Amino acid sequence: MLLLALLIGFYYAYKDRKKSTTENYYFGDSNLSPIPVGLSMALTFVSSITVLAYPAHAYLYGTVIMWFGISTLVQALIACLYYIPLLHRLKIKSINQYLEMRFNGRMKVLNSFILVVNMVFYMAITVFLTGLCLDAVSPIKLNVGIIVTSATCTLYTTLGGMKAVIWTDTFQAFVLLAGSLAVFIKGILMVGGIGNVQEAIVRGERNTFWEFDLDPTIPHSFWTIFIGGAFAWCGTMCTNQAITQRYLSCKSVKDARVASLTSAIPICFLLILAALNGCVIYAYYEGCDPVLSKRIRLPDQLTSLMVLDIFHDIPGMAGLFISSAYSGMLSTVSSGINSMAVLILEDFILPCKPHLTQSIRLKLSKFVSFLLGSLTAGIAFVVPFLGSTVIKIIFSFVGIFVGSMTAVFTMGIFFPWANTVGAFAGLLSGPSVAFWVFIGSVMQSPSSKVIHSMPPRSIEMCPIIPGSPHLNVSTSSLEEHSYVYSTSVVTTWSAYNMAALSPTTSHGTFDYLYSISYMYLGVLGFLVSLFVGLLVSFITGPSNPKSMDPVLFLPLVDNEHLPEKIRKFFRFGVPDIPPHSRSISKSLNGSHKFNQDEKKLPETLLLVKVEELESVV
């Protein structure tokens, strides 16, 4: 897998050696097929996390984890209705250039910085997780695995650019699917069929799919996962450079929508399959938890352990599983490096040095890609010290930042009254409040509801073999080596002695706030940013909708079959876009700004053909 990725990178580096432009390097000349683009988008944020982390989460919490997959479908609807038409209308290279056009350059820089930090951290987690898998199923140590995988991703992405990323991801999608299906089918056969899996999850109190409790302090229910997951996926798939760059690599709005829908289906399927794999793993190890019995250190190693156990007599199958995990990781890291490199070039370097030649820009892009890969590898060594499961770490940090970033774009696109001061206030307040709640949840002991929401685990059925790690496992050792992942800090817990946790009872407002599910951090950040942003905008003087550039605005509801009064209401006073052309002034740094008072200056005008809007914009 690593060799194939390198060969694809070398191939496109040689094939496009005469096309020394950043347009080709980052966007594939905006003429890529939507199906490979969609598969690449699917793997960008599915990665090894789907193969390894989601099954572990389903093992711990049951079938309710399948709602993670279903929640991903919401983002495709939002992207197709709003973000894809807007991006293709503006033809911007960096998603954050929209914030410069709508507010100012400082907003673009601040949001770009937050996005780069968030993405590098996400890539580091995927590299660590894949190294953890390699450590569990092969003689290769974790540190060596991190270095090798990071170096490979960095090299082929730096050499081949977007085309190498897209086509490598396309091949890796099928490998990831094959590995996940192999574990599922073989696991079903080993436990005696689907019926036995169903009986096991009922006995283990993991038949939690229909958990509809509205209590926001329960870590995993339909509401926390579906709502929190939908917010996280919308922010990730609509306002992240790694994805919007894919939309712009398609030649039209129609192709970009096809790519979006193409990505949503495999994401949903793979996440549901991962949750089912977690249920199969539980049925296989029922009564002999590998973490409690000290066979492995972390639940995120469960899938790797099961692969070794069920495929020990079939040569090559463990290798297929490792390839599937690597496929997801390679896709995430390569896509992240490529997209963050264009973000840094367009938002940080070119505004200071706008006259750089295409050759120098390309060299800078490759150098930045190399630095990002090196930084990802460095942070991956820190991930083991964070504690908790990978899923909780990811959704906590994604929630802290992505919810607020999505709120800023929401203010800019749908609320014409939002001004620059309000946008700054919203972008700073949302992450601050979400991070405060996150730290509070770390410092506070878990509530009794959190403790009882976690299904039991035991080692009562472990075989007692002389010299085996299962022998003489006492209650005290269970308390020392088992984990509750309902808080960000690894907390000792015994299925046999819950009182050892000394759970807190939430009485005060802050105690209750600290107890809300980590899945709601993104929702909290979004709501706080949106509320504070609009409030500050009205306090400091709202923008006049009549003077807003209509090219930068989208109504929440707009359909040609609706009465004109309704369509006009949802425009909030923003003028309509001219039916056949738009006048957009082009600034020196490459971004576009509308200027109604300078329409007669031909050197500053760029006529952009308008694609006919479909039923809903």
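As the structure is a computational prediction, the values presented were derived from the model and not from experiment. (Residues numbered from 1 in each chain as written. Predicted model: local features only at pLDDT ≥ 70, side-chain atom pairs only at ≥ 80, totals over all residues. Heavy atoms only, no water.)

Student: I'd love a proper account of unusual backbone geometry, names of residues and values included.
Tutor: At Lys91, a residue that is not glycine, the phi angle is positive and equals roughly 55°. Inspection of the secondary structure assignment puts Lys91 in the loop between α6 (73–90) and α7 (97–102). (Helix = DSSP H or I, 4+ residues; strand = E, 2+ residues; numbered from the N terminus.)

Student: An account of the pattern of salt bridges is requested, with residue identities and associated values reported.
Tutor: On inspection of all chains with the given rule, the structure shows seven salt bridges. Here Arg203 ties to Glu286 by a salt bridge, and the two come within 2.8 Å at their closest N and O atoms. Of this pair, Arg203 sits in helix α10 (residues 194–203) while Glu286 sits in the loop between α13 (253–284) and α14 (302–310), and the two are 83 residues apart along the sequence. In this structure, the salt-bridge partner of Arg567 is Asp558, at a minimum N-O distance of 2.7 Å. For Arg567, a relative accessible area of 23% translates into the label partly exposed. Taking the relative accessible area as the measure of exposure, Asp558 reaches 10% and is therefore buried. Among the ionic contacts, a cluster of salt bridges with common partners joins Glu199, Arg203 and Glu286. (Salt bridge = Lys/Arg side-chain N within 4 Å of Asp/Glu carboxyl O. Buried < 20%, exposed > 50% of the residue type's maximum accessible area, 1.4 Å probe, protein only.)

Student: Explain the state of the cysteines to me, using residue names and the numbers behind them.
Tutor: A covalent bond bridging the sulfur atoms of two cysteines is what the word disulfide describes. Enumeration over the complete set of coordinates arrives at one disulfide. Disulfide pairing is shown between Cys288 and Cys462; the S-S distance is 2.1 Å. Taking the sign of the torsion about the S-S bond as the criterion, the disulfide between Cys288 and Cys462, at about 105°, is right-handed. With a gap of 174 residues between them, Cys288 in the loop between α13 and α14 and Cys462 in the loop between α19 (448–452) and α20 (475–481) connect regions that are remote in the sequence. Note on accessibility: Cys288 and Cys462 belong to one class, buried. Between Cys80, a free cysteine, and Cys238, which holds the nearest cysteine sulfur, the sulfur-to-sulfur gap is 8.9 Å. Since its relative accessible area comes to 11%, Cys80 is described here as buried. (Disulfide = S-S within 2.5 Å.)

Student: Which residues make up the side chain of Asp300, and what values do they have?
Tutor: The residue Asp300 is located in the loop between α13 and α14 in this model. Filtering out sequence-adjacent residues up to four positions away, Asp300 remains in contact with Leu52, Ala53, Ala56, Leu129, Leu132, Thr389 and Val390. (Contact = heavy atoms within 4.5 Å.)

Student: So what's going on with the environment of Ser432? Residues and values would help.
Tutor: Relative to the elements of secondary structure, Ser432 occurs in helix α18 (residues 420–443). Once the C-alpha coordinates of Ser432 and Gly525 are considered, the two residues, 93 residues apart in sequence, prove to be 8.2 Å apart. Here Leu428 takes part through its backbone oxygen, which lies 2.6 Å from a polar atom of the side chain of Ser432. (Polar contact = N/O pair within 3.5 Å; in protein donor to acceptor, adjacent residues only side chain to side chain.)

Student: I'd like a description of the packing of helix α4 (residues 47–61) against α13, backed by residues and values.
Tutor: At a closest axis distance of 7 Å, the pairing of α4 and α13 adopts a crossing angle of 55°. The orientation of α4 with respect to α13, classified from their angle, is oblique. Taken as a pair, α4 and α13 cross one another with a handedness that is right-handed. Here α4 contributes Thr50, Tyr54, Pro55, Ala58 and Tyr59 to the contact with α13, which in turn contributes Leu270, Leu271, Ala274, Ala275, Asn277, Gly278, Ile281 and Tyr282. Here the residues of the contact of α4 with α13 sort into ten nonpolar, three polar and no charged. (Axes fitted to C-alpha atoms, helices over the stretch in contact; angles between N-to-C directions. Parallel < 35°, antiparallel > 145°, perpendicular 65-115°, else oblique. Left-handed = near helix turned anticlockwise from the far one by under 90°. Nonpolar A, V, L, I, M, F, W, Y, C, P; charged D, E, K, R; others polar.)

Student: Talk me through the confidence of the model for the protein chain; I want residue IDs and the actual numbers.
Tutor: In this model, the protein chain carries an average pLDDT of 77, and 76% of its residues clear a pLDDT of 70 or more. Across the protein chain, the secondary-structure element scoring lowest on mean pLDDT is strand β2 (residues 491–492), at 32, and the one scoring highest is helix α22 (residues 521–540), at 95. Throughout residues 20–29 the model reports pLDDT below 50, and contacts reaching past four residues in sequence, or to other chains, amount to 49 contacts. (pLDDT = per-residue confidence, 0-100.)

Student: Outline helix α11 (residues 222–239), listing residues and values.
Tutor: Taking 1.5 Å of rise per residue, 18 residues should cover 26 Å, and α11 covers 25 Å from first to last C-alpha, within 8% of that figure. Burial runs high along α11: 14 of the 18 residues are buried. (Expected span 1.5 Å × (residues − 1).)

Student: Can you tell me about the packing of aromatic side chains, naming the residues and giving the values?
Tutor: Evaluated as defined, the whole model comprises 26 aromatic pairs. Ring geometry for Trp67 versus Phe226: centroids 6.4 Å apart, planes at 90°, classification edge-to-face. Highlighted residues: Trp67 in helix α5 (residues 67–71) and Phe226 in helix α11, separated in sequence by 159 residues. Judged by its relative accessible area of 24%, Phe226 is partly exposed. Ring geometry for Phe222 versus Trp223: centroids 4.7 Å apart, planes at 75°, classification edge-to-face. The exposure class assigned to Phe222 is buried, which follows from its relative accessible area of 12%. The rings of Trp67, Phe209, Trp210, Phe212, Phe222, Trp223 and Phe226 are connected pair by pair, giving a single aromatic cluster. Across the ring face of Tyr59, the terminal group of Arg206 is positioned such that the distance to the ring centre comes to 5.8 Å. (Phe/Tyr/Trp six-rings, centres within 6.5 Å; stacked < 30°, edge-to-face > 60°. Lys NZ or Arg CZ within 6 Å of the ring centre and 35° of its normal.)

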